[in-house]
Amino acid sequence: MARLTKAQREWRPGMPKKRRSTKVMFASTVLLLEAFVVLFGTLAVFGLRRNEFPPALIFAVGIGLCLVFIFTCAVLSKPWGVGLGWILQLVLILSGIVEPTMYVVGLLFAISWWYGIRTGIRIDREAAKRERDQAAWDAAHPAGSDPETGAQNP
């Protein structure tokens, strides 16, 4: 039998489901797309510049960078995760030193990263406010009460 996760072990009936961060979902999407771009960029550099750089170096750096992008998805919920993502955006832009097309690709992904983080934060803030307002309304209007008089319905 498979091991249960910490969240599964701590779950009890009636517990509210923890809301996933939209910021983390947007950021993870951008990072995974960048990981694919790095993988294909590695193949492009291998095909175009294998005489300038040793193939082992090209693949080691490319696959290693691809794995760092994927690893960053797992740590986005930590305080330093988004900072690591910004560093990776700079690394992707600077990869244009090896393949000049990556300047444009890296800049476009950095803009996507910025937009995803900014929009995700706004959506998360709005969702938290909506949940607080709903909780306040539920506390003021218990289930089964008459909204007009506040009396309990039989």
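Residues numbered from 1 in each chain as written. Predicted model: local features only at pLDDT ≥ 70, side-chain atom pairs only at ≥ 80, totals over all residues. Heavy atoms only, no water.

J.: Residues and numbers for the overall build of the protein, please.
T.: In terms of helices and strands, the protein carries 5 helices and 0 strands. Each helix and strand of the protein, placed in order from N terminus to C terminus, yields the pattern α-α-α-α-α. In terms of overall size, the protein is more extended than a compact globule, its C-alpha atoms giving a radius of gyration of 23 Å where 154 residues would be expected to give roughly 15 Å. Every one of the 154 residues in the protein was classed for burial, and the buried ones make up 26%. Contacts spanning at least 24 positions in sequence make up 61% of the contacts within the protein whose residues lie at least 6 apart. When the accessible surface of the protein is totalled, it reaches about 11000 Å², and 69% of it is carbon and sulfur. Of the charged side chains in the protein, 18 are positive and 11 negative, and the gap between their average positions amounts to 8 Å. (Helix = DSSP H or I, 4+ residues; strand = E, 2+ residues; numbered from the N terminus. Rg over C-alpha atoms; globule rule 2.2 N^0.38 Å. Buried < 20%, exposed > 50% of the residue type's maximum accessible area, 1.4 Å probe, protein only. Contact = heavy atoms within 4.5 Å. Areas by Shrake-Rupley, 256 points an atom, 1.4 Å probe, with all protein chains shown as cover. Lys, Arg positive; Asp, Glu negative; His and termini not counted. Charge placed at Lys NZ, Arg CZ, Asp CG, Glu CD.)

J.: Give a detailed account of the nonpolar core, specifying residues and quantitative values.
T.: Judged by nonpolar contacts, the single largest core of 17 residues is most densely connected at Leu31, Phe69, Leu76, Leu92 and Trp113. Where this core is concerned, the elements lending two or more residues are helix H2 (22–49), helix H3 (55–74), helix H4 (81–94) and helix H5 (101–140). Here this core gets 6 residues from one element, more than from any other, and that element is H2. In this view, Phe69 contacts Leu31, Glu34, Ala35, Val38, Leu88 and Leu92; residues no more than four positions away in its chain are not counted. (Core = buried A, V, L, I, M, F, W, Y, C linked by side-chain atoms within 4.5 Å.)

J.: Please set out the side chain of Gln89 residue by residue, giving values where relevant.
T.: Examined against the element boundaries, Gln89 turns out to sit in helix H4. Dropping the residues within four chain positions of it, Gln89 is found in contact with Leu31, Glu34, Phe109, Ala110 and Trp113.

Shape descriptors only; they carry no functional weight alone.
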